[in-house]
Amino acid sequence: DIAPTLLLTWNEPEQNLRIISQAVNRAEQAAQIINKTEQQIAAARETFASLIEAHPKLLLLLLPEFPTIYLGSGDQFGLCSSLIKELGFELVSFPEASSDAANSPQTPISLEALPQLNEADSIIVLGTNASQIQQFDTMDEFEEHQLSNLQPAWETNAIAQSLDASQAGRVYFIPYYLCAGLPGSIGTELYLEKLQEQLLGPN
């Protein structure tokens with residue numbers, strides 16, 4: 001016999017939760033989780049409102065290894081980009097006249113192309129580091145490892161530092177796993193906390 005199987009889509013966590021909850025007769029609990037997440041996002045929209053009013057245009061980049069750069073303006077980035085848009089930011093991409101490949105999340109862009117995206121008021125750089133896998137004593141150590149190679153490379157690169165957002169001190173580094181590895185309610189909460197910590201600073 002083959003056990004019952006559910007086919008789910010990675011970047012549709014809310015739909016997945018509803019499907020699973022129905023299968024295990026936990027629809028009410030799932031609805032509570034979804035409602036809590038929606039409330040958290042609504043509260044975050046208010047928290048970020050003044051920042052977004054002043055600096056609405058945000059460039060989202062994934063850098064698995066500098067200078068390999070992916071533009072995070074597409075839906076294929078899942079929670080990483082969708083939550084940014086839900087908060088009210090406008091994700092920056094290449095002009096429509098540019099090729100579709102330039103705006104494709106599967107196609108890396110060149111470092112030299114970054115000045116074409118200089119309209120961004122702020123930049124979020126998502127970093128991931130799978131090299132030198134080891135046992136970490138704390139999550140802080142693991143998180144630091146995800147950005148350890150990326151941040152110094154960005155901060156010493158002439159092209160990256162020529163961008164207005166860099167010169168204004170509005171470049172933020174966030175581990176990619178927060179929004180990519182945890183696309184559901186837990187990931188949303190952690191990603192929101194990290195966005196608030198990075199973009200708004202300590203309370």
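Everything below is about the structure shown above.
Below, the structure is looked at part by part. (Residues numbered from 1 in each chain as written. Predicted model: local features only at pLDDT ≥ 70, side-chain atom pairs only at ≥ 80, totals over all residues. Heavy atoms only, no water.)

## Let's talk about the packing of aromatic side chains
Link 1 in the chain: Tallied over the full model, the rule gives 1 aromatic pair.
Link 2 in the chain: Pairing Phe 48 with Phe 89 gives two aromatic rings, centres 6.2 Å apart and planes at 70 degrees, and the pair type is edge-to-face. You can see Phe 48 sitting in helix α2 (residues 27–54) and its partner Phe 89 sitting in the loop between α3 (79–87) and β3 (90–91), a full 41 residues away along the chain.
Link 3 in the chain: Residue Phe 48 is classed as buried on the basis of its relative accessible area, which comes to 1%. (Phe/Tyr/Trp six-rings, centres within 6.5 Å; stacked < 30°, edge-to-face > 60°. Helix = DSSP H or I, 4+ residues; strand = E, 2+ residues; numbered from the N terminus. Buried < 20%, exposed > 50% of the residue type's maximum accessible area, 1.4 Å probe, protein only.)

## Details of the state of the cysteines
Link 1 in the chain: Here the structure, examined in full by the defined rule, presents 1 disulfide.
Link 2 in the chain: Between the sulfur of Cys 80 and that of Cys 179 lies a disulfide, 2.1 Å long from S to S. When the S-S torsion is 90 degrees, as for the bridge of Cys 80 with Cys 179, the disulfide is right-handed. With Cys 80 in helix α3 and Cys 179 in helix α8 (residues 177–180), the pair connects residues that are 99 residues apart, well separated along the chain.
Link 3 in the chain: For Cys 80, a relative accessible area of 0% puts it in the buried group.
Link 4 in the chain: On the basis of relative accessibility, which here comes to 0%, the residue Cys 179 falls in the buried class. (Disulfide = S-S within 2.5 Å.)

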